Amino acid sequence: ARIMADIFYALDILPTNKLIETARDGLVDMYQGFTAQKTKEVFMSSMGGVLFIDEAYALHQSDGDTFGNEATTTLLKLMEDNRGKNICIAAGYPNEISMWLQTNSGLKSRFNKTIYFDDYNGNELAEIFMLKAKKDQLTLTPEADKVMRDYFNHLYENRGDDFANAREVNEYFAAVKSAQSSRIQQVMNNENFDSKEFTILIEEDMLYN
């Protein structure tokens, strides 16, 4: 969405590259009668830029979800009344987004352009992991590198509909760092402990599960 905002601005389609990011909790109020106003405030703040609604399908949790349905109805009216003044992008898992578009006859005509992103494959997930490791000044032993790549290849090949792409890397990276920390705590008081251990991930760290 940030890239799209920059592109629309560069092409003079929009006067700014402003991006307003929101989700259900940013549009839906917990009290009756306040959702429409909350949705309007967020929408209007995106004028001249891009409104990005993450996990947009969460706006319809059930047929009896009056708050979510009110947010959707308000959003549709605002998009029609302010046509051409901003751009709205709704994101989420393909199946769930498709089901959400069926909940209101106006959604398909408003969100009528679809960009489908393929899942990251095992090699790409591994590259994201390495970028995160580099940012934290961590290096992997050859054995750790192999375990990490095998993990992501297996994860990709056995992925389900809820496969979370880069979020899978974030969760694995956090678990690996936690495993490294636990390992180091057990040996850091040893006389021959080398502080370089703080910057190295070994095979044992990658097998946290």
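Data block above holds the structure.
Along each chain, the written sequence defines residue order, and numbers are assigned to residues from 1. Residue-level local features of this predicted model are given only where pLDDT is at least 70; pairs of side-chain atoms are given and counted only at 80 or more, and the full residue set underlies all totals for whole chains, interfaces and linings. Calculation of side-chain values draws on the structure's entire complement of heavy atoms; hydrogens and water are dropped beforehand.

**Topic: the environment of M99**
Considering the arrangement of structural elements, one finds M99 in helix α5 (residues 94-101). To sort residues, take the accessible area from a 1.4 Å probe on protein chains only and compare it with the maximum for the residue type: under 20% means buried, over 50% means exposed, and anything in between is partly exposed. M99 gets classed as exposed once you look at its relative accessible area, which sits at 60%. Sequence-wise, M99 and Y57 are 42 residues apart; in three dimensions their C-alpha atoms are separated by 7.6 Å. Elements are defined by DSSP. Helices are runs of H or I of four residues or more, strands are runs of E of two residues or more, and each kind is numbered from the N terminus.

**A few points about the pattern of salt bridges**
A side-chain nitrogen of Lys or Arg and a carboxyl oxygen of Asp or Glu constitute a salt bridge if their distance falls within 4 Å. For the structure shown, the criterion picks out 13 salt bridges. When the shortest N-O distance is used, the salt bridge between K146 and D150 registers 2.8 Å. Here the residue K146 and the residue D150 both occupy positions in helix α8 (residues 142-157), the gap between them amounting to four residues, near one helical turn. The exposure class assigned to D150 is partly exposed, which follows from its relative accessible area of 39%.

**Notes on helix α4 (residues 66-81)**
One turn of an α-helix holds 3.6 residues; hence residues three or four places apart share an orientation. In this model, α4 (16 residues) spans 22 Å end to end at C-alpha, consistent with the 22 Å of a helix rising 1.5 Å per residue. Restricting attention to buried positions, one finds in α4 the residues G68, A71, T72, T74, L75, L76, L78 and M79. Any two residues whose heavy atoms approach within 4.5 Å at even a single point are treated as in contact. Tucked inside the fold, the buried residues of α4 contact α2 (24-27), α3 (35-45), β2 (50-53), β3 (87-90), α5 and α6 (107-110). An expected span of 1.5 Å times one less than the residue number is assigned to each helix.

**Section: the packing of aromatic side chains**
Each Phe, Tyr or Trp ring, with Trp reduced to its six-membered ring, pairs with another whose centre is within 6.5 Å; inter-plane angles below 30 degrees give stacked pairs, above 60 give edge-to-face pairs, and intermediate values give tilted ones. For the structure on display, the rule yields nine aromatic pairs. Plain terms: the ring middles of F129 and F173 are 5.3 Å apart, the flat faces sit at 80° to each other, and that makes the pair edge-to-face. Here the residue F129 occupies a position in helix α7 (residues 122-135), and F173 occupies one in helix α9 (residues 166-187), the gap between them amounting to 44 residues. Assessed through its relative accessible area of 5%, F173 is described here as buried. For the pair Y151 and F152, a centre-to-centre distance of 5.3 Å together with 75° between the ring planes defines the contact as edge-to-face. Residue classification places F152 among the buried positions, given a relative accessible area of 0%.

**A word on unusual backbone geometry**
If you check the backbone angles, Q137 has positive phi at about 55° while not being a glycine. Its place among the elements puts Q137 in the loop between α7 and β4 (139-140). Classification of Q137 by relative accessible area gives exposed; the value is 65%. One non-glycine residue with positive phi stands out, namely N165, at about 55°. Relative to the elements of secondary structure, N165 occurs in the loop between α8 and α9. Residue classification places N165 among the buried positions, given a relative accessible area of 17%.

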